[in-house]
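Residue-level structural notes
Chain by chain, the residues run as shown.
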Amino acid sequence: MINLIEVTGRIKVYFNQIEGLEPQSYMEKYLEELREIEEYIDFKGGSHTFKNGSISIFQYPSKIDEEISMIWRFSKVKDLEFIDKLFKTALKFNDKCFISISIKDNIDFNRLKSWIKSYSLKWLGESGESFSAIIDFGGQILWLTAYTNRNIFNIRGKFRLDGLKPSKIIRILCEGETLKVLSVRVPSPIKHSYIQNANRLGLTASELIREALKKYLIELYKSDIEELTKIE
Amino acid sequence: MSEEYKRKYTFAEDYGTSYYKYGPITLGETPEIIENRGYFPDTTSIMYQIMAVPSDVIVGKEIPLYLEATEDLSTRLIYPMRNGVIARDDEKAWRVVYELTKYGLKQFKPAEPEFKGFYVVASLSSIAPKYMYEKLFEIHKRIDEEEGLVKAVTIIPQPLAVAIAHKVPTCIVLESGHGNTQICPISRYPIRAAIIALNRGGSDANTLTSEILKDAGYGDLAREEALVTMIKENIGLIPRNLNEAIREAKENPEKYRAKFKVPNTRITIDLEAESWTRFLIGEYVFNPNHELFQSYFRRGMPKPKDVKIGDIYFRGMIDFGEAIIEAAERCPVELQPYLYQHILLSGGNFQWKAPEEFKPTAIDSVTKIKILLKEKGIENVNVEITEEPKYSVWRGCIVYGYAVPEKYEWKWERMEGWLKIRE
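These notes cover the structure that comes with them. The shown structure was predicted, so the numbers you read here are calculated from the model rather than taken from an experiment. (Residues numbered from 1 in each chain as written. Chains lettered and ligands numbered in written order. Predicted model: local features only at pLDDT ≥ 70, side-chain atom pairs only at ≥ 80, totals over all residues. Heavy atoms only, no water.)

Thoughts on the overall build of chain B
How we decide: Here a strand is any run of E in DSSP of at least two residues, a helix any run of H or I of at least four, and the numbering for each starts at the N terminus. Only protein chains enter the area calculation, which uses a 1.4 Å probe; residues under 20% of their type maximum are buried, those over 50% are exposed, and those in between are partly exposed. Note on areas: these come from Shrake-Rupley sampling with a 1.4 Å probe, and a residue is covered only by the protein chains present in the view. For the purpose of charge, His is not counted, nor are the chain termini; Lys and Arg are scored as positive and Asp and Glu as negative. The atoms used to mark charge sites are NZ of Lys, CZ of Arg, CG of Asp and CD of Glu.
Across its full length, chain B carries 16 helices and 20 strands. Projected onto its principal axes, the C-alpha coordinates of chain B cover approximately 70 × 65 × 35 Å. Among the 423 residues that make up chain B, the fraction classed as buried is 61%. Carbon and sulfur atoms make up 49% of the accessible area of chain B, which amounts to about 17,500 Å² in all. In chain B, which carries 56 positive and 62 negative side-chain charges, the distance between the mean positions of the two groups comes to 1 Å.

Things to note about the sheet that holds strand S3 (residues 32-35) of chain B
Residue and element names in this part refer to chain B. Rules: Strands qualify as paired when DSSP identifies two bridges or more between them.
Strand order across the open sheet formed by six strands is S3-S2-S1-S6-S7-S20, with mixed pairing between neighbours. Looking at which strands have only one partner, the edges of the open sheet turn out to be S3 and strand S20 (419-420). Summarising the sheet, strand S6 (residues 118-124) and strand S7 (residues 150-157) pair through seven bridges and their orientation is parallel. Each bridged residue has a counterpart across the sheet, and for Val-121 the counterpart in S7 is Thr-154.

Describing the packing of aromatic side chains
Selection criterion: To pair, rings of Phe, Tyr and Trp, with the six-membered ring standing in for Trp, must have centres within 6.5 Å; the planes then decide the type, stacked if under 30 degrees apart, edge-to-face if over 60, and tilted in the middle. Should the NZ of a Lys or the CZ of an Arg lie within 6 Å of a ring centre and within 35 degrees of the ring normal, that charge is described as sitting over the ring.
Scanning the model with the defined rule gives 34 aromatic pairs over all chains in all. Consider the rings of Tyr-30 of chain A and Phe-93 of chain A, whose centres lie 6.4 Å apart with planes at 35 degrees: the pair is tilted. Taken together, the residues Tyr-30 of chain A in helix H1 (residues 23-37) and Phe-93 of chain A in the loop between helix H2 (81-90) and strand S6 (97-104) connect sequence positions 63 residues apart. For the pair Tyr-30 of chain A and Phe-93 of chain A, one class covers both residues: buried. Between the aromatic rings of Phe-58 of chain A and Tyr-402 of chain B, the centroid separation amounts to 5.1 Å while the plane-to-plane angle is 80 degrees, which identifies the pairing as edge-to-face. Placement of the pair is Phe-58 of chain A in strand S4 (residues 53-64) and Tyr-402 of chain B in helix H16 (residues 392-403), with the two residues belonging to separate chains. Looking at Phe-58 of chain A, the relative accessible area reads 1%, which means it is buried. Using a relative accessible area of 11% as the deciding quantity, one classes Tyr-402 of chain B as buried. Feature note: the residues Tyr-147 of chain A together with Tyr-5, Tyr-9, Phe-11, Tyr-15, Tyr-20, Tyr-22, Phe-108, Phe-115, Phe-118, Tyr-119 and Trp-418 of chain B constitute an aromatic cluster, connected by ring pairs. Above the face of the Phe-58 of chain A ring, Arg-10 of chain A is positioned so that its terminal group lies 4.9 Å from the ring centre. One cation-aromatic arrangement involves Arg-7 of chain B over Tyr-402 of chain B; the distance from NZ or CZ to the ring centre is 4.7 Å.

A look at the state of the cysteines
The test is simple: In this description, the term disulfide denotes a pair of cysteine sulfurs within 2.5 Å.
With the rule as written, the count across this model stands at zero disulfides over all chains. No disulfide involves Cys-174 of chain A; its sulfur sits 19 Å from the nearest other cysteine sulfur, which is in Cys-97 of chain A.

Here we look at the side chain of Gln-336 of chain B
Put simply, the rule reads: Between N or O atoms, a polar contact is any pair within 3.5 Å; within protein, one atom must be a potential hydrogen donor and the other a potential acceptor, and residues adjacent in sequence are included only when both atoms are from side chains.
Mapped onto the secondary structure, Gln-336 of chain B falls in helix H14 (residues 336-341). Engagement of the side chain of Gln-336 of chain B in a polar contact is seen with the backbone oxygen of Ala-328 of chain B, the distance being 3.3 Å.

Regarding helix H4 (residues 166-175) of chain A
All names here are of chain A. Here is the rule: Residue contacts follow a heavy-atom distance rule, with two residues in contact if any of their heavy atoms lie within 4.5 Å.
Here H4 lies mainly inside the structure; seven of its ten residues are buried. Of the surrounding secondary structure, the elements contacted by the buried residues of H4 are H2, S6, helix H3 (109-119), strand S8 (130-137), strand S9 (140-147) and strand S10 (152-159). One or two positions beyond H4, positive phi appears at Gly-176, with a value near 80 degrees.

Quick word on the packing of H2 of chain A against H4 of chain A
Residue and element names in this part refer to chain A. Short version of the rule: To define axes, lines are fitted to C-alpha atoms, for helices over the stretch in contact only, and angles between the resulting N-to-C directions are given on a 0 to 180 degree scale. Working rule for angles: under 35 degrees goes down as roughly parallel, over 145 as roughly antiparallel, 65 to 115 as roughly perpendicular, anything else as oblique. The nonpolar class holds Ala, Val, Leu, Ile, Met, Phe, Trp, Tyr, Cys and Pro. Asp, Glu, Lys and Arg form the charged class, and all remaining residues, Gly among them, are polar.
With their axes 7 Å apart at the nearest point, H2 and H4 run at an angle of 140 degrees to one another. Comparing their axes, H4 and H2 come out oblique. Here H2 contributes Glu-81, Ile-83, Asp-84 and Phe-87 to the contact with H4, which in turn contributes Pro-166, Ser-167, Ile-170 and Arg-171. Looking at side-chain class alone, the contact of H2 with H4 contains four nonpolar, one polar and three charged residues.

Considering the pairing of strand S1 (residues 10-15) of chain B
A regular strand places its side chains on the two faces of the sheet in alternate fashion. Residues and elements named next belong to chain B. Extensive coverage of S1 is indicated by the burial of six of its six residues. Across the two faces of S1 the burial is the same, with Thr-10, Ala-12 and Asp-14 and Phe-11, Glu-13 and Tyr-15 all buried. Two strands pair when backbone bridges link them, and S1 and S6 are joined in this way by five bridges, in the parallel orientation. Residue pairing across strands places Thr-10 opposite Tyr-119, the latter belonging to S6. In this structure, S1 lies alongside strand S2 (residues 19-24), joined through five bridges in antiparallel fashion. Bridge pairing in S2 places Glu-13 opposite Tyr-22. Linking two consecutive strands that pair antiparallel, namely S1 and S2, is a turn of three residues.

Digging into the sheet that holds strand S3 (residues 47-50) of chain A
Residue and element names in this part refer to chain A. Taken together, the ten strands give an open sheet; going across it, the order is S2-S3-S4-S5-S1-S6-S10-S9-S8-S7, and neighbouring strands pair in antiparallel fashion. The sheet is open, and its two borders are formed by strand S2 (40-44) and strand S7 (122-126), each paired with just one other strand. Across the sheet, the mean angle from the axis of one strand to that of its neighbour is 20 degrees, orientation sign disregarded. Here S9 runs beside S10; their pairing, made up of six bridges, is antiparallel. Within the sheet, the bridge partner assigned to Leu-142 lies in S10 and is Gly-157. Against the sheet, H2 engages strand S1 (6-16), S3, S4, strand S5 (67-75), S6, S9 and S10, with an angle of about 10 degrees to S1.

Points about unusual backbone geometry
All names here are of chain B. Following Lys-359, the chain continues to Pro-360 via a peptide bond in cis, the omega torsion being 5 degrees. One non-glycine residue, Glu-272, lies in positive phi territory at about 45 degrees. Position of Glu-272 among the secondary structure elements: in the loop between strand S14 (268-270) and helix H11 (278-286). For Asn-380, which is not a glycine, the phi torsion comes out positive at approximately 55 degrees. Structurally, Asn-380 is set in the loop between helix H15 (365-375) and strand S19 (383-385). The class for Asn-380 is exposed, based on a relative accessible area of 70%.

Considering the environment of Phe-293 of chain B
Residues and elements named next belong to chain B. Tracing the chain through its elements places Phe-293 in helix H12 (residues 292-298). Under the relative-accessibility criterion, Phe-293 is labelled buried at 0%. Here the alpha-carbon distance between Phe-293 and Gly-201, two residues 92 residues apart in the chain, equals 16 Å. The residues touching Phe-293, leaving out its near neighbours within four places in the chain, are Leu-208, Leu-280, Glu-283, Tyr-284, Asn-287 and Pro-288.

Things to note about the nonpolar core
Residue and element names in this part refer to chain B. To keep things clear, this is the line we draw: Residues enter a nonpolar core if they are buried and are Ala, Val, Leu, Ile, Met, Phe, Trp, Tyr or Cys, with the set joined through side-chain atoms within 4.5 Å.
Core analysis: the largest hydrophobic core is formed by 88 residues, its most contacted members being Tyr-15, Val-97, Leu-105, Phe-118, Leu-124, Met-132 and Ile-156. Excluding its chain neighbours within four sequence positions, the residues that come into contact with Met-132 are Met-81, Gly-84, Val-85, Ile-86, Trp-94 and Leu-124. Counting residues in hydrophobic clusters, the runner-up holds 67 residues, among them Tyr-218, Ala-249, Leu-335 and Leu-339.

Next comes the structure, spelled out in structure tokens:
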């Protein structure tokens, strides 16, 4: 486990409405399920304390259309697996959940910025104090905001069961990761075209392929990116 | 603008008596924190002109770099919210509030081009008069004109923010900061006629700690407030019963020995035979009426006075138990039992350690309040301390900003809703 200074955040849990069930009961259901996989300590000062972190209610269950949702906030996270368990529990009730995780740590923000600039789907901009981008983490389109002078970054968006786990994402952002090889077999005319264009643009073939892949992913996740950046 | 935009750019500000806690929703559960103060450097000095100090008011973490002679500090170093109330015409204090607010908002200006200003939830003392709301709105409007940082603002009383963070609509909130304490019954909204304000907070315990240090031969260190605060937090204990705790500490001097090494220095504080005085520090916060404190008052330690600031009467010596009861009894009789069911302690002045080895002689804030109430015949109360007492107001502001619909506009008669700075 990496030694982070502080990890806090919020998780929005969605439920399909169950006839006759009181709003309070949705909270109980979530807690019951979480207790199955994480040791429960006590309820004090408005917080439910578990072995590796605490949760307290941020927004009570409310109904929008036929869907019930509620928001928990989490803090005092001792082990990142705790966030994975919050997430896993949320997905027992619906196939989506929204998480916002804020991390305070002495990480190398210059390294993070350069990594994000290269591999994000959309670079949203930077000021003297912060930078923001939209990133694809294994099919999960997430918004990252970093406050470089405060050693804090926030990552938020809809997490899915088939995407990378929150703990894995945090590790990648904090520790960095070596690039993985993706081999592609293509007919020789396309290979030739790629190399020719790469030379023309002053890029390596790998850089050009990465750029092409990024463009493809931006197109593929267009609606997710729009949803995340929607402000009306 | 949409609800999504508002939720994305909610920003909270807690103007505490000693600290200003601020930051956007993306900070998670912990705000940024700086001292709620501003320094007016001597602009006529040659050094000021040579070194080009960036502003005529300095705020934030850089203040120590600009401090000049100690004797000038009281006039140049301004803590605008020391009592929770700023006089309408106190220009210096309002100037500091403006600089602090701008400093905080600018630090978190998002980089994305879609950003059109924050939805700011500011929190003031429950005794803040209406003109303070007006002034704070004006300050945000001015900052937006200059920096484009504020889309809308709302202001809520600090105890209400605590109740919101805790999701308790009917309760009594004790918010005790550095400078003062507010005891505020809440039934959906603060019951203004029942609020009790005390002219007593963490700084008074600092004053006593300072006297104890002087008596123990550390007079040279007793003048540095930050150091005194650190010592108070590390050696101070709340006694279950002061007389018994003193007897116990005197009988077991080694067990209760108050020894503290100041980190990263060669300084070690050791109260030795006077270590029993560590219990005085905790007791003083909750009840300064014990006869032992008289000797300190006689020797010149300032006594928490009853004072009137604006229209607000601040009590000095009333103990916390009595103050809670007095506040509750100003509310309808039917409501009182419900208020006693949820007493929430918030603010840094309740953050006291009760180490296992000193139990049951030393206790925590929750137990002390229960004991003070029981002594006055109030039992079966439920007292809770907020998870992070220092940050609960800020957290409540974030919850409030997230929940209040974007279309709900500010109404002076209800004192709620968003005051739109620009469309």
